[in-house]
Structure formats: structure tokens, C-alpha cells
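Topology and contacts: notes
Given next are the chains, with one letter for each unit.
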There are 2 protein chains.
Amino acid sequence: MHHFARGSARSSAAGIVDVARFEQFETGDPWPFGAMWYTVPPGESPPADQHPEREMSIVLSGVASVEASGEITDVAAGSAFLLDSGEAHVIHNRSEGEPLVVFSAYWMPTSHEDGQ
Amino acid sequence: MHHFARGSARSSAAGIVDVARFEQFETGDPWPFGAMWYTVPPGESPPADQHPEREMSIVLSGVASVEASGEITDVAAGSAFLLDSGEAHVIHNRSEGEPLVVFSAYWMPTSHEDGQ
């Protein structure tokens, strides 16, 4: 059993977002997805992001206000959301006091592996 | 963007554990892992589980007391743990009042896909 304690994970700043990638952990056989925790400070909106990987996220604490495809959807702690390949998104933290902490898994969809 | 609200997800009982699998959501292209939320009631210890899939879990609320390979490790909310292929495990909830809620992603390791 491997224990990945979030409090002691190595992280780095990506603009205003603190990112801790699971690549730092030695776990043998590669995983079929990348994984990270990220934290958005209260009241902050990082720049829009867009990438070919699909991204499945779980809100660990706070509320993620997910702006994508012209809508903003509030995702509560414990709930999840999926961004499709190439879907531009902004993850707002509209709380005045609570950090937003998210776990994300991301992977290249099959159609991209085929070069389509 | 797909929103998977845990509160309205369809779940079913597996013994004392409540399990909500992500297969219920329509998201197009298949994912490279299975995913579920599960809930262990306060003070409960489900039977030992063992399976060929590797399983990466994030504690969403409560504390998971993960028994595996002869040790018990407490994993706090926000932190994660990985169980290796074939590693027997019991996920205890030793809290007297708080449910334990976990998100898990699971996949067959490459060596098993090869039939090794």
C-alpha cells in the first residue's frame, strides 16, 4: 500500500494555482492517467486552460465554479466533473475565505492516440 | 462539461458499503480506468477485498484506516492511497460518528493485460 499524504506532497506554483503532481511518487508500473492535486486560493480565477487530454476532477474542499462551453456550473465538495478533450475551461473559486482543492486525473483520448 | 453530482448518483449496497459506479454516466469515449464513490458507515469494517486491478483512492470525508500487508495506515480526507494488484485490503472506518467517503479509480495493470 502506498500512502500519498497531500500535506507533505511536493508542489509548485503555476501562476496563482498550487499544483502537486503524482509523478513525484514512485509506484512501479505506470498508471493509465496522470494525476494531480491543485489549489485555487479564495476569490481567484486562474487563466483559461485548454488541452487535448480529457480531465476528470473531484472537488476535495470548497466549491469549483467550472466555466466551460459558455456556462458556469458549481461543483460541490465530493462531486466530480469531466472536461472533454480541447474544451476550454476556467476553474473559479468564488469563495471569499475557503481555498478550492481539486484532484484531477487526465489522459489522452483514444482518438488522439490514433492521430485523429 | 459533464457534472457528476455525488448526491444524486445512483448507488447500491455491497454488504454494508454503499457503492456508486461512474459507469452510470454517459460520457462518450471509454475511460482508461473504472471509477466509483463508496461510503463506509461509522464504526464499520467491510470484509477484506482482493482483486487484480490496481486501485487508487482519494478520501473525500472521514478517515480511511487502510489495512494491507499487515499494517493499518490512517489516510486523512484529501489524501490518497494506492493498492497494488492482488493486495488484500480492508478499509476500516474507525470513527464513531462520521461516514467515510472515498473516490476510487481502478485499472488492470499492464502485466495482467499480457496474461502474465
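Just so it is clear, the structure is predicted and the values come from calculations on it, not from any experiment.

Reading guide: rules and limits
For every chain, the first residue of the written sequence is number 1, and numbering continues from 1 along that sequence. Whichever chain is written first is A, and whichever ligand is written first is 1; the rest continue in order. Residues qualify for local features only when their pLDDT is at least 70, as the model is predicted, and side-chain atom pairs are given and counted only at 80 or more; totals for whole chains, interfaces and linings, by contrast, use all residues. Each side-chain value is worked out from all heavy atoms of the structure, with water and hydrogens disregarded. For this analysis, a salt bridge means a side-chain nitrogen from Lys or Arg found within 4 Å of a carboxyl oxygen belonging to Asp or Glu. Working definition: helices are DSSP H or I runs of at least four residues, strands are E runs of at least two. Numbering for both runs from the N terminus. We call a residue buried when its accessible area falls under 20% of the maximum for its residue type, exposed when it is over 50%, and partly exposed in between, using a 1.4 Å probe and counting protein chains only. Here the copies are matched by least squares. The fit uses the C-alpha atoms of residues with pLDDT of at least 70 in both. Stacked, tilted and edge-to-face are the three classes applied to pairs of Phe, Tyr and Trp rings, where Trp contributes its six-membered ring and a pair requires centres within 6.5 Å; stacked means planes under 30 degrees apart, edge-to-face means over 60, and tilted covers the rest. For this analysis, residues touch if any pair of their heavy atoms sits within 4.5 Å. The term polar contact refers here to a pair of N or O atoms within 3.5 Å; inside protein, the definition further demands a hydrogen-donor-capable atom paired with an acceptor-capable atom, and it admits residues adjacent in sequence only when both atoms are side-chain atoms. By this definition, two strands are paired if DSSP reports at least two bridges between them. For helices, the axis comes from a line fit to the C-alpha atoms of the stretch in contact; other axes are also lines fit to C-alpha atoms, and the angle between any two N-to-C directions lies between 0 and 180 degrees.

Turning our attention to the pattern of salt bridges. For the structure on display, the rule yields 4 salt bridges over all chains. Here A:Arg94 ties to A:Asp74 by a salt bridge, and the two come within 3.0 Å at their closest N and O atoms. Here the residue A:Arg94 occupies a position in the loop between strand S9 (89-92) and strand S10 (100-107), and A:Asp74 occupies one in strand S7 (residues 71-75), the gap between them amounting to 20 residues. For A:Arg94, a relative accessible area of 51% puts it in the exposed group. Between B:Asp84 and B:Arg54 there is a salt bridge, with its nearest N and O atoms 2.7 Å apart. On the criterion of sequence distance, the pair formed by B:Asp84 in the loop between strand S8 (80-83) and strand S9 (89-92) and B:Arg54 in strand S5 (residues 54-61) is long-range, its members being 30 residues apart. Overall, B:Arg54 belongs to the buried group, its relative accessible area being 3%.

For the pair chain B and chain A, the superposition axis carries a translation of 0.0 Å, the fit reaches an RMSD of 0.0 Å, and the rotation angle comes to 180°. Overall, the copies show the geometry of a two-fold rotation axis.

This part takes up the packing of aromatic side chains. Scanning the entire structure with this criterion turns up 23 aromatic pairs over all chains. Between A:Phe4 and A:Phe22, the ring centres sit 5.5 Å apart and the planes meet at 70°, which makes this aromatic pair edge-to-face. With A:Phe4 in strand S1 (residues 2-4) and A:Phe22 in the loop between strand S3 (17-21) and strand S4 (34-40), the pair connects residues that are 18 residues apart, well separated along the chain. A:Phe22 carries the same exposure label as A:Phe4, and that label is buried. On the basis of an interplanar angle of 45° and a centroid distance of 5.5 Å, the ring pair of A:Trp107 and B:Trp31 is categorised as tilted. One end of the pair, A:Trp107, is in strand S10; the other, B:Trp31, is in the loop between strand S3 (17-21) and strand S4 (34-40), on a second chain.

At the interface, 35 residues of chain B touch 36 residues of chain A. Scanning the region where chain B abuts chain A turns up 0 salt bridges. Summed over the shared surface of chain B and chain A, the result is 17 residue pairs in polar contact (both at pLDDT 80 or more). Put simply, the parts of the chain that give the side of chain B that touches chain A at least two residues each are strand S1 (2-4), S5, strand S6 (64-68), strand S7 (71-75), S8 and strand S10 (100-107) of chain B. Bridge count for S1(A) against S8(B) is 3 bridges, and the pairing is antiparallel. Bridge pairing links A:His3 to B:Phe81 in S8(B).

A separate point is unusual backbone geometry. All names here are of chain A. Here the phi dihedral of Ser69 falls at roughly 50°; this positive angle occurs in a residue that is not glycine. Among the structural elements, Ser69 can be located in the loop between strand S6 (64-68) and S7. Classification of Ser69 as exposed rests on a relative accessible area of 60%.

Moving on to the sheet that holds S5(B). If you trace the 7 strands from one edge of the open sheet to the other, you get S1(A)-S8(B)-S5(B)-S10(B)-S4(B)-S3(B)-S2(B), paired in antiparallel fashion. Each edge of the open sheet is held by one strand with a lone partner, namely S1 of chain A together with strand S2 (12-14) of chain B. Looking at each pair of strands side by side, their axes are set apart by 30° on average, direction ignored.

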